[in-house]
Amino acid sequence: PPPPPPPPGPPFVDYTEQVVKIMVPLLKFYFHDLIRSAAAESLPYLLESVKHKGEDYVREMWNYICPDLFKALQTEMEPEILAVIMESVAACVETLGVGFIDSTQMEQLTEALRKQLKKNYDKEEERKKARKDEDYDEEVEQTIEEELDQDDYLLGKVSDIIHNLFGVYGEDFVQIFDSLTEYFVAMLAPDRPSLEHQWAICVFDDLIDYAPNSVHKYQGHFLKQLMEFLTDSCPGVRQAAAYGVGALAVKFPGPDSPYKAFCQSCIPRLVNVIQGSTSREEDNITATENCISAITKIFKYIILAENLDEATLLTWFRWLPIQEDEEEGVHIYNFLLDLVEANNPHLLGSDNSNVSSGINAEYGGGA
């Protein structure tokens, strides 16, 4: 007997072909910004909704969407709409997964990202000149700050696209990433703004997370900066750097880790941030909790719990609780559970006295 028909898809699926043929041309509707924005936003949802029809149908729809979407990525002039288009591209990459973006399309996407990064680099060079110009004043600086905020937002969207490309393709994305690396390396220079430092480090964090076999190839470009930026004045930079240090510990575990010395040498800087007088203020707390998480990962994966003395573990315990960063909190509290389940004597103390006194000190309660 023939195989049973597939179960019916969502009711909307029957209208996706009509809708996509309306939405894609609207990416070029320059008479109204919000129409272009809404059209771009719809595209990943349309791709998601037709997955029920099989890979061939999804590929056919993507091949219809892709030329206009990538062209819009290169030609859109309004920064707010360009950001939405970038969000759409990032979501499409994630929705499609492996096997749908062909080599030609990937090169088109890479070229669009390269142009955006070059444009950002050139704008920053122009801002440097403007600050040295004889006509420089407060009004010029205000304009510069507004441009920086705008560029920060767009760089964040570029980072999101690269994050999803690394997440989907892993090591296979590294060769393509090569053609973009020069811009991220340039963004790490001391004279570049903090926003560039943050997003460049985020990209190298993704490299560590999703393509660890290639870290050695790039470590000369970012490892020194990763340590230096742990104590940067910008919380976002500190957070990104701390995350990267922790990621190295996770991806290269064990006492023979090639990054053991580096991770251990980062601990004093991480401790300085955690114990800083303003570390728990609203603007700083997420960066601080990422520093706690980085030390936790170094303890768990490189130094190993059995090699930690009582003073070290109790200092670490007093940095709890974690209140803001739920994702990093998972790593921290899992390590705490590991210590408790192993009846670690340095943490628990005689008759669990260390934990009891720690809870009393932090929460004002008894054990």
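Residues numbered from 1 in each chain as written. Predicted model: local features only at pLDDT ≥ 70, side-chain atom pairs only at ≥ 80, totals over all residues. Heavy atoms only, no water.

Caption draft 1: Structural view of unusual backbone geometry. In this model, Leu320 is joined to Pro321 through a cis peptide bond whose omega is 10°. With respect to the element layout, Pro321 can be found in the loop between α14 (310–318) and α15 (326–341). Phi at Leu304 takes a positive value of approximately 80°, unusual for a residue other than glycine. When you line up the elements, Leu304 lands in the loop between α13 (285–303) and α14. The partly exposed category is assigned to Leu304, whose relative accessible area is 23%. Even without being a glycine, Asn343 presents a positive backbone phi close to 50°. Judged by relative accessible area, which is 55%, Asn343 ranks as exposed. (Helix = DSSP H or I, 4+ residues; strand = E, 2+ residues; numbered from the N terminus. Buried < 20%, exposed > 50% of the residue type's maximum accessible area, 1.4 Å probe, protein only.)

Caption draft 2: Seen up close, empty space enclosed by the protein. Per the counting criterion, the structure on display carries 1 cavity of 30 Å³ or more. Its volume calculated, the largest cavity comes out at about 30 Å³. In terms of lining, the largest cavity is formed by Leu27, Lys28, Tyr30, Asp68, Lys71, Ala72 and Thr75. Of the residues in the lining of the largest cavity, the class split is 3 nonpolar, 1 polar and 3 charged. (1 Å grid on protein atoms, 1.4 Å probe; cavity = no way out; pocket = protein on both sides within 12 Å on 5 of 7 lines; lining within 4 Å. Points joined across faces, edges and corners; volume = space filled by probe spheres on them. Nonpolar A, V, L, I, M, F, W, Y, C, P; charged D, E, K, R; others polar.)

Caption draft 3: How the structure looks around helix α9 (residues 194–210). In a regular helix each residue adds 1.5 Å, so 17 residues correspond to 24 Å; α9 covers 24 Å between its end C-alpha atoms and thus fits that length. In terms of burial, α9 is largely enclosed, as 15 of its 17 residues are buried. (Expected span 1.5 Å × (residues − 1).)

Caption draft 4: Up close: the packing of aromatic side chains. Scanning all chains against the criterion turns up 11 aromatic pairs. Taking the centre distance of 6.3 Å and the plane angle of 40° together, the rings of Phe173 and Phe177 count as tilted. Residue Phe177 is classed as buried on the basis of its relative accessible area of 0%. Geometrically, the ring pair formed by Phe204 and Phe222 is stacked, given 4.9 Å between the ring centres and 15° between the ring planes. Placement of Phe204 in helix α9 and of Phe222 in helix α10 (residues 215–228) is noted, with a sequence separation of 18 residues between them. The same class applies to Phe204 and to Phe222, which are both buried. What links up through ring pairs into an aromatic cluster is the set Phe166, Phe173, Phe177, Phe184, Phe204, Tyr218 and Phe222. The ring of Tyr57 is capped by Lys53, whose NZ or CZ atom sits 4.6 Å from the centre of that ring. (Phe/Tyr/Trp six-rings, centres within 6.5 Å; stacked < 30°, edge-to-face > 60°. Lys NZ or Arg CZ within 6 Å of the ring centre and 35° of its normal.)

Caption draft 5: Summary view of the packing of helix α5 (residues 103–132) against helix α6 (residues 138–169). In contact at an axis separation of 11 Å, α5 and α6 are set at 155° when each is read in the N-to-C sense. In terms of their interaxial angle, α5 and α6 are classed as roughly antiparallel. α5 and α6 meet at a crossing whose hand is left-handed. Of the residues assigned to the contact of α5 with α6, the class counts are 15 nonpolar, 3 polar and 8 charged. (Axes fitted to C-alpha atoms, helices over the stretch in contact; angles between N-to-C directions. Parallel < 35°, antiparallel > 145°, perpendicular 65-115°, else oblique. Left-handed = near helix turned anticlockwise from the far one by under 90°.)

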